[in-house]
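Single-letter residue listing:
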Number of protein chains: 2
Amino acid sequence: MDQPLAGIRVVDLTRILSGPFCTMILGDLGAEVIKIEPPDRGDHVRAQGSIVDGFSWYFAAFNRNKRSVGLDLRTEDGKALLARLIETADVLAENFRPGVLAEMGFDEARLKRLNPRLVVASVNGYGSTGPYVDRPAFDFITQAMSGFMAVNGTPESGPLRAAPPVTDLVAGLYAALGVVAALRVAERAGTGQRVEASMMNGMISMMAYLASTQLATGETPPPTGNDHPVSSPYGLFHAMDGDVAIAPSTPPVLKRFLGTIGLEDVLADPRFATNADRIRNRAALNALIDEKLAGDTQANWVARLNAAGVPSGRVQSLAEVFEDPQVLAQEMVIDVPHPGHGTVRMTGFPIKLSETPCRINRPAPDLGADTGDVLAEIGVTEAELADLKARAVI
Amino acid sequence: MDQPLAGIRVVDLTRILSGPFCTMILGDLGAEVIKIEPPDRGDHVRAQGSIVDGFSWYFAAFNRNKRSVGLDLRTEDGKALLARLIETADVLAENFRPGVLAEMGFDEARLKRLNPRLVVASVNGYGSTGPYVDRPAFDFITQAMSGFMAVNGTPESGPLRAAPPVTDLVAGLYAALGVVAALRVAERAGTGQRVEASMMNGMISMMAYLASTQLATGETPPPTGNDHPVSSPYGLFHAMDGDVAIAPSTPPVLKRFLGTIGLEDVLADPRFATNADRIRNRAALNALIDEKLAGDTQANWVARLNAAGVPSGRVQSLAEVFEDPQVLAQEMVIDVPHPGHGTVRMTGFPIKLSETPCRINRPAPDLGADTGDVLAEIGVTEAELADLKARAVI
């Protein structure tokens, strides 16, 4: 059986991270992704991240399942070829600043003329309307503007960004979902449309109950570190040889937790009788828990608590994550052969489909590796290719 | 034109957050979502988060665009009705621990017999195979286990969870995308399948270049707080009246930044000539920048820097986010009338579709509000409904 997006062709103008993450997911699901890059240097990410023998593993991870076409879109010939590719495509993806694609000669009216069924996916910082439309975007800034940083951290640390570029990735993920949804419309009604996801909007949508609290009460949630604002006990506790994260989510789970560590009687203490009492006396309760946990190892506590149905685990470094037997069993680390560059290890597929799974159909391409093939498919002759090459259009 | 998922029926057994977020997105895109709840108390979230006049705004926000059917799935009659609903559905969504659905009598073979085109979406903690399959999941724990907490925070703070339940939400988002992709297969090939997303796998996929660095070099990224590991200057700086987040992403942007704040000559200083120099002397450079920024307000710097093409913004509290003119222009705060409960404010739709937009088709339902209608649609008579009600099955 074909992959979910078999037969879908994506012309991909995206670069760096948010857009390439979107088109990578589409490629993982079986779409043909044609990555258009400046023919001289390609996507900036080719020179970023950890470079092994001249090859960026960061680029490899986010550009798997793509073909690469070198095309200078500042030239008229480059633009003409892009127009011909768009005529053959189901999806056009871009993450320029709003307005740039139109300035290049591809405004909405022209795109519609070229291909009325086209799904045009835009990933950007703040959306394509509103007072910030011209602002340059960057993950760190949208983490700050979205409200995320104000709650991430502790009262001592002040507002903190998350290390991973979460706003780029969330925006890319929403865009991919929007594209697949819009393809259903295109295939049923024959009508394309514009799909947009922004780093700011995406991150705001992730504020969950913090957003509900703000909107319902007007009370602004403070940074809470590892303490849950409305639950105690909860957090990182200290075993003999390391921390254990423990989250007893409901009263029955709390009872099992306290029973497992030998504190079954603590709820009879008036300081700890109710959740409100336990929040008020959090430090005293945490000290009692730590005293018990100090009697055994992290690994033993994690095993015993989970066996008792108490959510718990350890803080794993990325080194530990990629050796975790669960992570390996879930194939969340994969080895991808890249001809000429050895084998690249990267994270696997978080969407598991039983019948039509995500898979590596092709590794991340060398710059321009597919230029000749892709252009030949749309009718460019050998002689034309040679001429375009000589003039550095491709 | 119909919404993207018009005509798609989702039978939704999910509760709390990860699964309900998945089905909320499907509903926002136009699917009919039938939320099955225990008839006596419903989803726990009905009693959680900020309660206004007895109504949870947290529940309202994550259960918009759903119908509610009260059904006791511990009874044989309840299970028989669920089977009949499944026969009429395109999607069955659940976020039980792996194995629970089969224990309830709905293993894969039975589901396939009931409905060979059914897409079965499972959202869980660690995936449905591997050594942790029986572990109870909770956002805090999968933040710890996925490697996220180890890089979130500062050397002083130690590992920190993010305040929003990011692993729940990312898993729900991947599941929604997997469902829409699997529907394309079901509609074309007539074959259903199992779609799975886990909190652990989803979060691992968000580690981006940190994962690539770990896998390429074996070097484990430390928590970096607000300093970018490979770029300087970058971070929070101090204007007259508050912080400004600034991320000069490339050498030309850096030049524009330094020019805008009156430090154009600083790159001539050998301490700051190259990025490596600037990382080494980060504190000294940051002090020079802060000295300049102290001369004007946060708002003025943000405006001037963005006008110069330098990504910058302020750290906004959620109170500020929901009054931000950009956020309002993007309709990321919406007012939803809930008959009997007033108007609930909640976050809007991060996926923008120009022709078939996400929208509120119905507000979050009262518990069991649609039981009679939905069961009548599958042929349950008035007399049978009365009997089921009398026996507390519905």
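Residues numbered from 1 in each chain as written. Chains lettered and ligands numbered in written order. Predicted model: local features only at pLDDT ≥ 70, side-chain atom pairs only at ≥ 80, totals over all residues. Heavy atoms only, no water.

Observations regarding the relation of the copies chain B and chain A
Here is step 1: It takes a turn of 180 degrees to lay chain B on chain A, together with a shift of 0.0 Å along the axis; the resulting RMSD is 0.0 Å. Look at the turn and shift together and you get a two-fold axis relating the two. When C-alpha positions in chain B are compared against the rotation axis, the closest is assigned to Leu177(B), at 2.5 Å. (Least-squares fit on C-alpha atoms with pLDDT ≥ 70 in both.)

A look at helix H1 (residues 18–28) of chain B
Residue and element names in this part refer to chain B.
Here is step 1: The buried count for H1 comes to 11 of 11 residues, which makes it a mostly enclosed element.
Here is step 2: Within the span of H1, buried status applies to Ser18, Gly19, Pro20, Phe21, Cys22, Thr23, Met24, Ile25, Leu26, Gly27 and Asp28.
Here is step 3: Once H1 ends, the next one or two residues include glycine 30, with phi positive near 110 degrees. (Buried < 20%, exposed > 50% of the residue type's maximum accessible area, 1.4 Å probe, protein only. Helix = DSSP H or I, 4+ residues; strand = E, 2+ residues; numbered from the N terminus.)

With respect to unusual backbone geometry
Here is step 1: Cis peptide bonds are those with omega within 30 degrees of zero, and the linkage from Ser232(A) to Pro233(A) qualifies with 0 degrees.
Here is step 2: Non-glycine residue Asn65(A) carries a positive phi angle of around 60 degrees.
Here is step 3: On the basis of relative accessible area, Asn65(A) is assigned to the buried category, the value being 3%.
Here is step 4: Its identity is not glycine, yet Ile16(B) carries a phi of approximately 65 degrees, on the positive side.

Topic: the packing of helix H11 (residues 251–261) of chain B against helix H14 (residues 298–307) of chain B
All names here are of chain B.
Here is step 1: Where H11 meets H14, the axes come as close as 10 Å, and the angle between the chain directions of the two elements is 140 degrees. As summarised for this structure, H11 and H14 are arranged oblique, according to the angle between their axes. Judged by the twist between their axes, the crossing of H11 over H14 is right-handed. Here Phe257, Thr260 and Ile261 of H11 lie close against H14, whose contacting residues are Trp301, Arg304 and Leu305.
Here is step 2: Grouping the amino acids of the contact of H11 with H14 by side-chain chemistry returns 4 nonpolar, 1 polar and 1 charged. (Axes fitted to C-alpha atoms, helices over the stretch in contact; angles between N-to-C directions. Parallel < 35°, antiparallel > 145°, perpendicular 65-115°, else oblique. Left-handed = near helix turned anticlockwise from the far one by under 90°. Contact = heavy atoms within 4.5 Å. Nonpolar A, V, L, I, M, F, W, Y, C, P; charged D, E, K, R; others polar.)

Remarks on the domain arrangement of chain A
Accessible area lost when the parts come together is the quantity often used to give the size of an interface.
Here is step 1: Taken as a whole, chain A is organised into domain 1 (9–206 + 327–390) and domain 2 (235–316).
Here is step 2: Using only C-alpha atoms to locate each centre, domain 1 of chain A and domain 2 of chain A end up separated by 44 Å. (Domains from an automatic or database assignment.)

Structural notes on the interface of chain B and chain A
Here is step 1: Taken together, the contacts link 135 residues of chain B with 135 residues of chain A.
Here is step 2: Summed over both partners, the interface of chain B with chain A comes to about 11400 Å²; 69% of that surface belongs to carbon and sulfur atoms.
Here is step 3: Between chain B and chain A we count 4 salt bridges in total.
Here is step 4: Between Arg184(A) and Glu187(B) there is a salt bridge whose closest N-O contact spans 2.5 Å.
Here is step 5: At the surface where chain B touches chain A, the tally comes to 47 residue pairs in polar contact (both at pLDDT 80 or more). (Buried area = accessible area lost by both parts, 1.4 Å probe. Salt bridge = Lys/Arg side-chain N within 4 Å of Asp/Glu carboxyl O. Polar contact = N/O pair within 3.5 Å; in protein donor to acceptor, adjacent residues only side chain to side chain.)

A few points about the environment of Met203(B)
Residue and element names in this part refer to chain B.
Here is step 1: Among the secondary structure elements, methionine 203 is positioned in helix H9 (residues 199–204).
Here is step 2: Methionine 203 sits 124 residues away from lysine 79 along the chain, and the two C-alpha atoms are 34 Å apart.
Here is step 3: Leaving out residues up to four positions away in the same chain, methionine 203 has contacts with Ser146, Phe148, Val166, Thr167 and Val170.

Quick word on the packing of aromatic side chains
Describing an aromatic ring pair means giving the distance of the ring centres and the angle of the ring planes.
Here is step 1: Enumeration over the complete set of coordinates arrives at 12 aromatic pairs over all chains.
Here is step 2: Judged by centre distance (6.3 Å) and plane angle (70 degrees), the rings of Phe138(A) and Tyr234(B) are edge-to-face. Note that Phe138(A) is positioned in the loop between strand E7 (119–124) and helix H6 (139–145) and Tyr234(B) in the loop between helix H10 (208–217) and strand E9 (235–239), a pairing that runs across two chains.
Here is step 3: Note on Phe138(A): relative accessible area 25%, which makes it partly exposed.
Here is step 4: Relative accessible area serves as the criterion here: at 3%, Tyr234(B) is assigned to the buried category. (Phe/Tyr/Trp six-rings, centres within 6.5 Å; stacked < 30°, edge-to-face > 60°.)

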